[in-house]
Amino acid sequence: VVGIAFVCYGFYKKLTTDIPNPVATMEVEGYGTVKIELYPDLAPETVANFIALANNGFYDGLTFHRTIPDFMIQGGDPNGDGTGNATLKDLGEESEDEYTIPGEFIANGYNDNTLKHERGVISMARSDYSYYSTSLATEGYNSASCQFFITTEDSTDSLDGLYAAFGKVTEGMDVVDAIANVEVETREEQTDSSSELTQDRPVDPPVITSIRVE
């Protein structure tokens, strides 16, 4: 009887104990610390990928290469210019092949991710091929790898359902805001049919010292 009671109590504790979400601690050189609560129940593959990269040291020394005031900051690119992906080796495997992950958002047929892109939300950056052809949209949906962005204002109209949001800043939004407002340079960006001037590349890109997840 005692043994049965002990087993039943164990099941009860398992059912009634809240398991905290993982928390990422990001240190940015010269700016400070940002803590981000991750939501594996909403975007499990996205969170698992981010944790694996972070705890393998992938993000250490990378930068925020794109900053737009009142919108977002983007980082985590090994090339430092928005063109790079992680490789399987960055996950601890032997292969040097680049990889991507499925886009966990509504437009890609994944309906469990209901997180809105409100201020402080972290989400995966990806390619957008829709302006080339609608048939390439799905390829863009599944092109995220390692780059992420953090919104500094509510951006639900343009991002919800189209990008995989997977967590939210709980401490250090002042650090995120400071990064969003760094000095940027004007550059010419080539599109599919023309070129345009943009102002989103920091003159002195903020460096991510480390990201670790507990």
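Residues numbered from 1 in each chain as written. Predicted model: local features only at pLDDT ≥ 70, side-chain atom pairs only at ≥ 80, totals over all residues. Heavy atoms only, no water.

Draft legend 1. Focus on the overall build of the chain. In terms of helices and strands, the chain carries five helices and 10 strands. For the chain, the residues scored as buried account for 39% of the 214 residues in total. For the chain, the computed accessible surface area is about 11,500 Å², with 50% contributed by carbon and sulfur atoms. (Helix = DSSP H or I, 4+ residues; strand = E, 2+ residues; numbered from the N terminus. Buried < 20%, exposed > 50% of the residue type's maximum accessible area, 1.4 Å probe, protein only. Areas by Shrake-Rupley, 256 points an atom, 1.4 Å probe, with all protein chains shown as cover.)

Draft legend 2. Up close: the packing of aromatic side chains. Per the counting criterion, the structure on display carries eight aromatic pairs. On the numbers, 5.4 Å between centres and 90° between planes, the contact of phenylalanine 105 with tyrosine 141 is edge-to-face. Taken together, the residues span a long stretch of sequence, with phenylalanine 105 in the loop between strand S4 (72-75) and strand S5 (121-124) and tyrosine 141 in helix H3 (residues 137-141) at a distance of 36 residues. Phenylalanine 105 gets classed as buried once you look at its relative accessible area, which sits at 2%. Relative to tyrosine 163, the ring of phenylalanine 149 lies with its centre 5.8 Å away and its plane at 85°, an arrangement referred to as edge-to-face. One end of the pair, phenylalanine 149, is in strand S6 (residues 148-151); the other, tyrosine 163, is in the loop between helix H4 (156-159) and strand S7 (165-171), with 14 residues separating them in the sequence. Residue class for phenylalanine 149 comes out buried when judged on its relative accessible area of 6%. With relative accessibility at 18%, the residue tyrosine 163 sits in the buried group. The residue whose ring lies beneath arginine 126 is tyrosine 163, and the NZ or CZ to ring-centre distance is 4.3 Å. (Phe/Tyr/Trp six-rings, centres within 6.5 Å; stacked < 30°, edge-to-face > 60°. Lys NZ or Arg CZ within 6 Å of the ring centre and 35° of its normal.)

Draft legend 3. Fine view of the pattern of salt bridges. One pass over the full model with this rule turns up six salt bridges. Where aspartate 60 meets arginine 212, a salt bridge forms, and the shortest distance between an N and an O atom there is 2.7 Å. Taken as a pair, aspartate 60 in the loop between helix H2 (44-55) and strand S3 (64-68) and arginine 212 in strand S10 (residues 208-213) lie far apart in primary sequence, 152 residues in all. Judged by its relative accessible area of 35%, arginine 212 falls in the partly exposed class. A salt bridge links lysine 168 to glutamate 118; the shortest N-O distance between them is 3.6 Å. Note that lysine 168 is positioned in strand S7 and glutamate 118 in the loop between S4 and S5, a separation of 50 residues in sequence. (Salt bridge = Lys/Arg side-chain N within 4 Å of Asp/Glu carboxyl O.)

Draft legend 4. Molecular detail of the pairing of S3. Here four bridges tie S3 to S4, and the two strands are oriented antiparallel to one another. Directly across from phenylalanine 64, in S4, lies its bridge partner glycine 75. The turn linking S3 back onto S4 is made up of three residues, and aspartate 70 within it adopts a positive phi angle of 60°. (Pairing = 2+ DSSP bridges.)

Draft legend 5. How the structure looks around the sheet that holds S4. As summarised here, the arrangement of the eight strands in space is S3-S4-S6-S5-S7-S2-S1-S10, forming an open sheet in which the pairing is antiparallel. Both outer strands of the open sheet, S3 and S10, are each paired with one neighbouring strand and no more. Between one strand axis and the next, the sheet turns through 25° on average, direction left out of account. Against the sheet, H2 engages strand S1 (23-28), strand S2 (32-38), S5, S6, S7 and S10, with an angle of about 125° to S10. (Axes fitted to C-alpha atoms, helices over the stretch in contact; angles between N-to-C directions. Contact = heavy atoms within 4.5 Å.)

Draft legend 6. Spotlight on the nonpolar core. Judged by nonpolar contacts, the single largest core of 39 residues is most densely connected at Met26, Ile36, Phe50, Tyr59, Phe148, Ile150 and Ile211. Of all the elements, helix H5 (residues 173-180) adds the most residues to this core, at five residues. Here isoleucine 211 is in contact with Ala24, Thr25, Met26, Phe50, Ala54, Asn55, Tyr59, Asp60 and Phe148, once residues within four sequence places are set aside. (Core = buried A, V, L, I, M, F, W, Y, C linked by side-chain atoms within 4.5 Å.)

Draft legend 7. The side chain of glutamate 104, seen in detail. By the element assignment, glutamate 104 lies in the loop between S4 and S5. An unpaired buried charge is present at glutamate 104: no salt bridge exists, and arginine 126, the closest side chain of opposite charge, is 12 Å distant. Beyond its immediate stretch of four places on either side in the chain, glutamate 104 contacts Ala43, Pro44, Glu45, Thr46, Tyr110, Asn113 and Ala164. (Lys, Arg positive; Asp, Glu negative; His and termini not counted.)

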